Protein chains: 2
Amino acid sequence: MGTNKKTHDEFQLIERFFSNFSFPASHGAAITLGVGDDAAAIQLPEHLELVFSIDTQLADTHFPVDADAGLIAQRAFLSAISDLAAMGATPLCFTLALSLPEYNETWLAAFSEGLRHSAAALNCSLVGGDTTRGPLSITLQVQGTVERNCSLKRSGAKNGDLIFVSGFLGSAAAYTKLLQTNRLEAPDLQHAVELFAASYYSPIPRIALGTALTTRAHCAIDLSDGLFADLQHICKASRVGAQLNLDALPLLSELTHTFGPTEVQQLALGGGDDYELCFTVAEERRKEIIKMGEDMECPVTEIGRITDTGNIECYSNNSIVDMSHIKGYQHF
Amino acid sequence: MGTNKKTHDEFQLIERFFSNFSFPASHGAAITLGVGDDAAAIQLPEHLELVFSIDTQLADTHFPVDADAGLIAQRAFLSAISDLAAMGATPLCFTLALSLPEYNETWLAAFSEGLRHSAAALNCSLVGGDTTRGPLSITLQVQGTVERNCSLKRSGAKNGDLIFVSGFLGSAAAYTKLLQTNRLEAPDLQHAVELFAASYYSPIPRIALGTALTTRAHCAIDLSDGLFADLQHICKASRVGAQLNLDALPLLSELTHTFGPTEVQQLALGGGDDYELCFTVAEERRKEIIKMGEDMECPVTEIGRITDTGNIECYSNNSIVDMSHIKGYQHF
């Protein structure tokens, strides 16, 4: 039990692998101090609000420990950024607290490269961090900006709102399911596995969609705990209920072909890690939202409606279906 | 290897132990969204800069795993806040990424209480977080504010500057030394152990001192890696050297009575975790700084001078002393 002193080598590694992560800031925000001091500093114009979120990913809990380090970095970064998208915010900068069992240069080089690649694509600068020696763990705090009083909250859903989701559901969970059941190498599943792996390791933070929704949606959340759990967060925060149309859930055909119907429902409703947006809008915006999704080449699908009950009710063929067997489903 | 989905119990525990951590913000900054959404949000008046820093503490690396949970929380929080003090910033809010091996309610209640107590004393609100199941680890990101372009950096030290430190050196390291050598229970050391334990578990973030230094000091750093290592950070960032007067180091008499002279030097120069400020000021400010320390009841001690060499030279009785045996000392 020592202190948190770092060795000379550690300082050198930080410099070597985590410098040069500076990218242009947007919207007039400025990073006035980055990596290398006691803290980072930013300045914001007064029309902006700062939005930030912290997320931890642990080896073998959130990602396979032997996965490619670049993919691990990418997934950790993009899933963290997804929280900004859900607020309608634009990424500005991030900090990284990295715990490593050993200073493996090859691993660090790949991790750093994956992180830099993802961060550069979003102009999101690394501005600070902490490295410790311990079980592999990645904590990121992402900072973004949104016009003042425009952020998308979980609490704005209104009775009668339409519920939409972006992208497809269950694909990331399908990857972990195949991994857990040792089916990643199954010859007939290679095309599907590729798609599921992309969903798992390269989730698309819906930044542009989130930004567009700040003036259109009543609320939004990103799907990290699974549609059921996350829609419940919206319902609880907004004090509403929801009707879900199970027949409308956007599913890749590779998902429905690979798994049986019950498994598909579990993956789509209970599977987390899709990092798609779930949001609600007034009914009169239906056409506008669908057109917006088309223009952005971001699939958006209407999957249900907000109600004034305190429950989520699921429908299929216009009949109520009991979904209480789905993991992630909770009465509240 | 699953996803990062949380169980119902986990959500309830977050609500139970980590809500009601809201305190008044100062300087016109506003927390517009706290715990419970995808992200937190803050608004800043344009005269302020936001300063933030992330820190991880791992069980048995940074604190004894069986220590009181309230003390663990307090130490993690105060040491993180110390980075804000070193920038001259005032605490505003923080996020917490907590990894726990199990959901132990007694432990969480004590942890939460220690954290709340420390945070309340500094009006620093908890605005977001993440809980995961894994090896005990605490990552905090602290946010603070400072007047624009006034933050204290490591890079401003000038040739001829006087070097000051606040408080006393080596006391926190003395605690870990006694812990490691099974001497915490030694009957003749109980008074000293109490003092060292206080330094270790209740470091005093020098917020008021840091704020006052924004208009007086050329640079500052908080002592987390040990005086040698941290002074080297200043020298490297400022491209200067330093002369240290070993006879002037502020040491508790309990330190010099408990340890032999070599150990005392190791603890004072190489021991981390004091979280005192080391800062440099122009020579003409000597009296002003000493008076300021007295007025604040914060001991400040002149311990050396910045030079234009690239080295730290140590003096005792006006003679150069070779300190290369001190762990934490590095030529650069």
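Cut-offs and rules
- Residues numbered from 1 in each chain as written.
- Chains lettered and ligands numbered in written order.
- Predicted model: local features only at pLDDT ≥ 70, side-chain atom pairs only at ≥ 80, totals over all residues.
- Heavy atoms only, no water.
- Helix = DSSP H or I, 4+ residues; strand = E, 2+ residues; numbered from the N terminus.
- Rg over C-alpha atoms; globule rule 2.2 N^0.38 Å.
- Buried < 20%, exposed > 50% of the residue type's maximum accessible area, 1.4 Å probe, protein only.
- Contact = heavy atoms within 4.5 Å.
- Pairing = 2+ DSSP bridges.
- Axes fitted to C-alpha atoms, helices over the stretch in contact; angles between N-to-C directions.
- Core = buried A, V, L, I, M, F, W, Y, C linked by side-chain atoms within 4.5 Å.
- Least-squares fit on C-alpha atoms with pLDDT ≥ 70 in both.
- Polar contact = N/O pair within 3.5 Å; in protein donor to acceptor, adjacent residues only side chain to side chain.
- Buried area = accessible area lost by both parts, 1.4 Å probe.
- Nonpolar A, V, L, I, M, F, W, Y, C, P; charged D, E, K, R; others polar.
- Domains from an automatic or database assignment.
- Salt bridge = Lys/Arg side-chain N within 4 Å of Asp/Glu carboxyl O.

### Quick word on the overall build of chain A
Secondary structure assignment for chain A yields 10 helices and 13 strands. Relative to its length of 332 residues, chain A is compact, with a C-alpha radius of gyration of 21 Å against a globular reference of 20 Å. Summarising its shape, the C-alpha atoms of chain A cover approximately 65 × 55 × 40 Å along the three principal directions. For chain A, the residues scored as buried account for 60% of the 332 residues in total. For chain A, long-range pairs separated by at least 24 residues make up 84% of all intrachain contacts whose partners lie at least 6 apart in sequence.

### A look at unusual backbone geometry
Phi angles above zero are rare outside glycine, and Tyr275 of chain A is one such case at about 55°. For Tyr275 of chain A, the location among the structural elements is in the loop between helix H9 (261-270) and strand S10 (277-281). Classification of Tyr275 of chain A by relative accessible area gives buried; the value is 2%. In this model, Asn182 of chain B sits at a positive phi of 55°, which is unusual for a non-glycine residue. Relative to the helices and strands, Asn182 of chain B resides in the loop between helix H4 (171-180) and helix H5 (190-201).

### Let's talk about the sheet that holds strand S3 (residues 48-58) of chain A
A sheet is described by the order of its strands in space; here 6 strands give the open sequence S5(A)-S4(A)-S6(A)-S3(A)-S2(B)-S1(B), paired in mixed fashion. Of all strands in the sheet, those with a lone pairing partner are strand S5 (125-133) of chain A together with strand S1 (30-33) of chain B, marking the two edges. The average angle at which neighbouring strand axes cross in this sheet is 20°, direction not considered. Direction of pairing for S3 of chain A relative to strand S2 (residues 40-43) of chain B: antiparallel, over a ladder of 3 bridges. Counted as the bridge partner of Val51 of chain A is Ala41 of chain B from S2 of chain B. Sheet strands in contact with helix H2 (residues 69-87) of chain A are S3, strand S4 (90-100) and strand S6 (137-147) of chain A together with S1 of chain B, and its direction is about 30° off that of S6 of chain A. Along the sheet face, helix H3 (residues 105-121) of chain A touches S4 and S6 of chain A and points at about 165° away from the line of S4 of chain A.

### Some thoughts on the nonpolar core
Formed by 77 residues in total, the largest nonpolar core has its most connected members in Phe18, Phe94, Phe111 and Phe279 of chain B. Counting residues per element, this core draws most heavily on helix H2 (residues 69-87) of chain B, at 12 residues. For Phe18 of chain B, the contacting residues outside a window of four places in its chain are Leu13, Val35, Leu96, Leu98, Leu108, Phe111, Ser112, Leu115 and Leu126 of chain B. Within the second largest apolar cluster, 76 residues are counted, among which are Phe77, Leu96, Tyr103 and Leu209 of chain A.

### Digging into the relation of the copies chain A and chain B
The operation relating chain A to chain B is a screw motion whose rotation component is 180°, with 0.0 Å of axial translation and a residual RMSD of 0.0 Å. The superposition operator between the copies reduces to a two-fold rotation axis. When C-alpha positions in chain A are compared against the rotation axis, the closest is assigned to Glu46 of chain A, at 2.8 Å. A share of 100% of interface residues in chain A that are also interface residues in chain B marks the association as one of identical surfaces.

### Some words on the environment of Arg286 of chain B
Residue and element names in this part refer to chain B. Here Arg286 shows up in helix H10 (residues 286-296). Sequence separation between Arg286 and Asp161 is 125 residues, and the spatial gap between their C-alpha atoms is 9.7 Å. In terms of polar contacts, Arg286 uses its side chain to reach the side chain of Glu302, at 2.6 Å.

### Let's talk about the interface of chain A and chain B
Each partner contributes residues to the interface: chain A has 77 residues there, and chain B has 77 residues. Summed over both sides, the interface between chain A and chain B buries roughly 6,300 Å², with carbon and sulfur atoms accounting for 51% of that surface. When residues in the side of chain A that touches chain B are grouped by element, the largest group, 9 residues, is from S3 of chain A. Of the residues belonging to the side of chain A that touches chain B, the class tally is 29 nonpolar, 29 polar and 19 charged.

### Things to note about the sheet that holds strand S7 (residues 162-166) of chain A
Each strand in a sheet pairs with another by means of backbone hydrogen bonds, the pair being arranged parallel or else antiparallel. Residue and element names in this part refer to chain A. Spatial strand order, S8-S10-S7-S11-S9-S12-S13: 7 strands in an open sheet with mixed pairing. The open sheet has two edge strands, strand S8 (219-222) and strand S13 (319-321), and neither has a second partner. Averaged over all pairs of adjacent strands, the angle between their axes in this sheet comes to 30°, without regard to strand direction. Pairing of S7 with strand S11 (residues 300-307) involves 5 bridges; the strand directions are antiparallel. Bridge pairing in S11 places Val165 opposite Thr301. Contacts between helix H7 (residues 227-238) and the sheet are confined to S7, S8, strand S9 (241-245), S10, S11 and strand S12 (312-316), with S9 contributing the most and set at about 150° to the helix. Contacting S7, S10 and S11, helix H10 (residues 286-296) crosses the sheet at an angle of about 150° to S11.

### So, the domain arrangement of chain A
Residues and elements named next belong to chain A. Domain annotation of chain A identifies domain 1 (8-147) and domain 2 (154-321). When each unit is reduced to the centre of its C-alpha atoms, the spacing between domain 1 and domain 2 is 26 Å. Counting residues at the interface gives 22 residues for domain 1, matched by 17 residues for domain 2. Buried surface at the junction of domain 1 and domain 2, summed over both partners, amounts to about 1,500 Å²; 62% is from carbon and sulfur atoms.

### Some details on the side chain of Thr145 of chain B
The residue Thr145 of chain B is located in strand S6 (residues 137-147) in this model. In contact with Thr145 of chain B, other than residues within four places in its own chain, are His27, Ala29, Leu44, Leu48, Glu49, Leu50, Ala89, Thr90 and Leu92 of chain B.

### Observations concerning the pattern of salt bridges
By the definition in use, this model includes 24 salt bridges over all chains. For Asp273 of chain B, the salt bridge is made with Arg75 of chain B, and the minimal N-O distance between the two is 3.6 Å. Remark: Arg75 of chain B occurs in helix H2 and Asp273 of chain B occurs in the loop between helix H9 (261-270) and strand S10 (277-281); sequence separation between them is 198 residues. Of the two residues examined, Asp273 of chain B and Arg75 of chain B, each falls in the buried class. Residues participating in the shared-partner salt-bridge network are Glu283, Arg286, Glu302 and Arg305 of chain A.

### A word on the environment of Asp66 of chain B
Residues and elements named next belong to chain B. Secondary-structure assignment places Asp66 in the loop between strand S3 (48-58) and H2. Looking at Asp66, the relative accessible area reads 70%, which means it is exposed. Distance in space between the C-alpha atoms of Asp66 and Gly260 is 29 Å, their sequence separation being 194 residues.

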